[in-house]
Amino acid sequence: MNDEVKKLTCRETTYLVCGARDEALTPAQHSQLARHLQGCDACRVASRQFADLFAQLDVLFAAGAGPKTK
Ligand SMILES: [Zn+2]
């Protein structure tokens, strides 16, 4: 019940970064994610790469090249 001390693993961080695309993070998840990224270079780089990838996917989907999700 104590979100303040919960530390995310790198795996959980990656999961949140990916999940944030489909579902908004809770404020607690946001702060956990931000805190992990502050102290973890690998996840900081990974989250940036995910952001780039998602941006590219959005362009593809907008152009009608991707699978329809609805
Ligand atoms: Zn990490």
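Peer 1: What am I meant to see in the overall build of the chain here?
Peer 2: Assigned secondary structure in the chain consists of 3 helices and 0 strands. Burial statistics for the chain: of 70 residues in total, 9% are counted as buried.

Peer 1: Explain the environment of Leu-8 here, please?
Peer 2: Within the secondary structure layout, Leu-8 lies in the segment before helix 1 (10-22). Expressed as a C-alpha distance, the spacing of Leu-8 and His-36, which sit 28 residues apart in the sequence, is 6.5 Å. Dropping the residues within four chain positions of it, Leu-8 is found in contact with Thr-13, Gln-32, Leu-33 and His-36.

Peer 1: I'm lost on the packing of helix 1 against helix 3 (residues 41-62) in this one. Help?
Peer 2: Between two packed helices, what matters for the description is the angle formed by their axes and the separation of those axes. Running from N to C, helix 1 and helix 3 point in directions that differ by 20°, and their axes come no closer than 10 Å. Considering the angle they form, helix 1 stands roughly parallel to helix 3. Like other packed secondary-structure pairs, helix 1 and helix 3 cross with a definite hand, here right-handed. Of the residues in helix 3, those in contact with Cys-10, Thr-13, Thr-14, Val-17, Cys-18 and Arg-21 of helix 1 are Ala-42, Cys-43, Ala-46, Ser-47, Phe-50 and Phe-54. Grouping the constituent residues of the contact of helix 1 with helix 3 by class yields 8 nonpolar, 3 polar and 1 charged.

Thresholds applied
- Along each chain, residue indices are assigned from 1 in the same order as the chain's sequence is written.
- Reporting of local features is limited, given that this is a predicted model, to residues whose pLDDT is at least 70; pairs of side-chain atoms are given and counted only at 80 or more, and all residues count toward the totals for whole chains, interfaces and linings.
- Secondary structure elements are taken from DSSP: a helix is a run of H or I of four residues or more, a strand is a run of E of two residues or more, and numbering for both begins at the N terminus.
- In this scheme every C-beta is placed from the backbone, and a residue whose C-beta has 20 or more other C-beta atoms within 10 Å is buried, one with 12 or fewer is exposed, and one in between is partly exposed.
- C-beta atoms are placed from the backbone for every residue, and two residues are taken to be in contact when these atoms lie within 7 Å.
- Comment: axis = line fitted to C-alpha atoms, over the contacting stretch for helices; angle = value between 0 and 180 degrees taken between N-to-C directions.
- For classification, angles of less than 35 degrees are called roughly parallel, those exceeding 145 degrees roughly antiparallel, those between 65 and 115 degrees roughly perpendicular, and all remaining angles oblique.
- The crossing is said to be left-handed when, going from far helix to near helix, the turn is anticlockwise and less than a right angle, and right-handed when the turn is clockwise.
- Asp, Glu, Lys and Arg are counted as charged, while Ala, Val, Leu, Ile, Met, Phe, Trp, Tyr, Cys and Pro are counted as nonpolar; the rest, among them Gly, fall into the polar class.

Nothing here speaks to function; it is geometry throughout.
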